[in-house]
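Letter by letter, the chains look like this.
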Amino acid sequence: MSLFKNRQTQKKYSLRAKQSQAAYSLLLPGLSMYIPFHFIPILGVFFLSMVCWEGYSFHTMEWVGLQNYKDILTDEIFWQALWHNIQFVLIVVVIQTVFSLFLAILLEQSLPFSKFFRGIYFMPTVLSLVVVGLLFSFVFSPSQGLVNTLLRMMGSENPPVWLGDSKIALFVLMGVTVWKEFGLSMFLFIAGLESIPDELFDAAKVDGANIWNVLSDIILPLIKETAYVVMIITTIGCFKLFDLVRVMTKGGPFFATEVLATRMYTQSFRYGKIGYGSAIAVVLFLITFMISAILFFIRTRGEKVEY
Amino acid sequence: MKFLKQIPSLAVFYLICILVLFIVAYPVIWMLISSVKPSWEVTTQPFNLPSTWTFKNYLEAWNVADIGRAFLNSFLVVSVSLIGILAISSMGGYAFAKLEFPGKNFLFYFWLLGMMIPPHVSIIPNFVIMDKLGLINNYLSLIFIYFSSTSFGVFVMRSFFYTVPTEILEAARIDGCSEFSVFWKIAIPMARGGLTVIAIFYFVFLWNDFIYPLTFLRNETLNTIPLALMTFRDYWSADWGPLMAALSMASLPPIIFYFFFQKQFIRGLTAGALKG
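Here's a quick rundown of the structure.

Rules used in this analysis
Residue numbers restart at each chain and count upward from 1, following the sequence in its written direction. Whichever chain is written first becomes A and whichever ligand is written first becomes 1, with later ones labelled in order. In view of the model being predicted, local features appear only for residues whose pLDDT reaches at least 70, and side-chain atom pairs are presented and counted only at 80 or more, with totals across whole chains, interfaces and linings using the full set of residues. Where helices and strands are cited, they refer to DSSP runs of H or I of at least four residues and of E of at least two residues respectively, numbered from the N terminus. The contact criterion used is a C-beta to C-beta distance within 7 Å, with each C-beta placed from the backbone. Each residue is assigned to one class: nonpolar for Ala, Val, Leu, Ile, Met, Phe, Trp, Tyr, Cys and Pro, charged for Asp, Glu, Lys and Arg, and polar for all the others, Gly among them. Any residue whose C-beta has 12 or fewer other C-beta atoms within 10 Å is treated as exposed, any with 20 or more as buried, and any in between as partly exposed, C-beta atoms being built from the backbone. The axes used here are C-alpha line fits, helices contributing only the stretch in contact, and every angle between their N-to-C directions lies in the interval 0 to 180 degrees. We call two directions roughly parallel when the angle between them is under 35 degrees, roughly antiparallel when it is over 145, roughly perpendicular when it lies between 65 and 115, and oblique otherwise. Left-handed describes a crossing whose near helix is turned anticlockwise from the far helix through less than a right angle; right-handed describes the clockwise counterpart. For this entry, the nonpolar core is defined as buried Ala, Val, Leu, Ile, Met, Phe, Trp, Tyr and Cys residues connected by C-beta atoms within 7 Å.

So, on to the environment of Lys273(A). Residues and elements named next belong to chain A. Within the secondary structure layout, Lys 273 lies in the loop between helix H11 (260-270) and helix H12 (274-306). Taking the C-alpha atoms as reference points, Lys 273 and Val 51, 222 residues apart in sequence, are found 9.6 Å from one another. When near neighbours in sequence (up to four residues on either side) are disregarded, Lys 273 contacts Gln 267 and Ser 268.

Let us now look at the interface of chain B and chain A. Of the residues lining the interface, 73 residues belong to chain B; the matching set on chain A comes to 76 residues. With 11 residues, the top contributor of residues to the side of chain B that touches chain A is helix H1 (residues 7-35) of chain B. Of the residues in the side of chain B that touches chain A, the class split is 54 nonpolar, 15 polar and four charged.

Residue and element names in this part refer to chain A. One non-glycine residue, Phe 254, lies in the positive phi region at around 50°. Following the sequence through the fold, Phe 254 ends up in the loop between helix H10 (243-248) and H11. What makes Phe 254 exposed here is the crowd of 11 C-beta atoms within 10 Å. Here the phi dihedral of Phe 255 falls at roughly 65°; this positive angle occurs in a residue that is not glycine. Looking at the element boundaries, Phe 255 is found in the loop between H10 and H11. On the neighbour-count criterion, Phe 255 (17 C-beta atoms within 10 Å) is partly exposed.

Residue and element names in this part refer to chain B. Across the interface, helix H4 (residues 67-98) lies against helix H7 (residues 139-148) with an axial gap of 9 Å and an inter-helix angle of 30°. For the element pair H4 / H7, the angle class is roughly parallel. Seen from above, H4 lies across H7 with right-handed handedness. Judged by residue contacts, Val 77, Val 80, Ser 81, Gly 84, Ile 85 and Ile 88 of H4 engage Tyr 139, Leu 142, Ile 143, Tyr 146 and Phe 147 from H7.

All right, on to the nonpolar core then. Ranked by size, the top nonpolar core spans 163 residues in total, and within it Leu229(B), Ala246(B) and Leu247(B) carry the most contacts. In contact with Ala246(B), other than residues within four places in its own chain, are Ala61(B), Ala65(B), Ile67(B), Leu229(B) and Phe232(B).

Below, the structure written as structure tokens:
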């Protein structure tokens, strides 16, 4: 009997060893890419932020400690760039959240053609930011663009120069961002709305509630979690902003649309200040990591409530 | 949920929807229409339909502006990367969902960390590493980077493999299936839904990616589509007809796929957005 038991544990043991071996060999290809090309660079950026280096030969690399961070404090363009990111967050997050929630509520009513509208609204999400940026550069081109041609046809003699105007350019970028991204937020809201049980709405109807009651007493409280998630995702997106600026304005005119990511990129790759660019990257990392951590916290808390 | 029943509110509903539809679709439709116009009409009569339909812009973009080569380049990079990403994600996801081994939780969260950090943050060290490996102006740099961005894929595949009943895998093992064939012949076919979700998410990401090619490729013959569009704009800025043709060609693959696999696209991309 004991012999049998022994053999069984032995078999179990070898099965487990076999499984571990299989698991490690399945993980090996992925981790052998992830560690050198994704994980080490994340550590590397902290290291590089403390050196002065033009990026070619390791011999010229010089350890400067926190000097690059001190430089950030006195770099006016950096603070301007950060302020542009923050403006982006403040305006795009509010507009996109309200607008996409509004459309989600409308389109969740399964009236004829809602599916069609939803489908089209999502389409810009699959386009590349380069295509979108180039297309809207033409739409807002001062001399021949669509918007100004239309304005001239309507009798305006001095239409704005849009991307060339340092007061307006940032807002044009915000508009294009919302145009491209609202479909995604809308679908997150639709998923949230679909999880609200229909009985609640039926009950409200029986009680004679009007649209505003339904909105303030049922939809908004139950959609709160989704709204947080949408707002945080949009916020992270606003800090990651790079492609659109690079394509449409290159940070100009006169740094009016410079953001953290473009500042980081030009400083390190155009002016060869690898260390200084890395310090900006670390700031960007800390900001997005903190926001992601909040998102992670909300999502795990939400899951606990669900089950 | 239905509270728009009365006729006036229905009219408002359709008015709003059609207005938004117009704002979303018009620029794209305009781009497609302009691409088949004679080039001068794009700026002189921007709102008219083409006086004659012509594909000259496409020919010009394809040949003169090298969009044709960029198309092949993008196709090559995207297909190789996609195959690798699908393989790595499903292998990793399966191991984390269905196998027991020491260090499982640690490795999982360690890999997941990659999802919480935007690519821009590590672009500088990435460049330094690729430069030291001599991979600048080499597609291997892009392919390695894409192979390393699998955190999201592993995460999604893990949740799909969780839905595969362990009993079936056990039964196959008892019948003498090797660990590899349990994975390949039984688990993979049952997690096909997950593969579609990540294939779509990564296709859109790879096809449209701009910052990595911009950083690693400095040779115009290697341009992927987004880079080729930028080069095109910088050299041919006044020639809007061929540019619109180039933009249309760049967007048609994702748009066409989107209209065929709408549900899967929405699922894949909203899941991708949630990764933060």
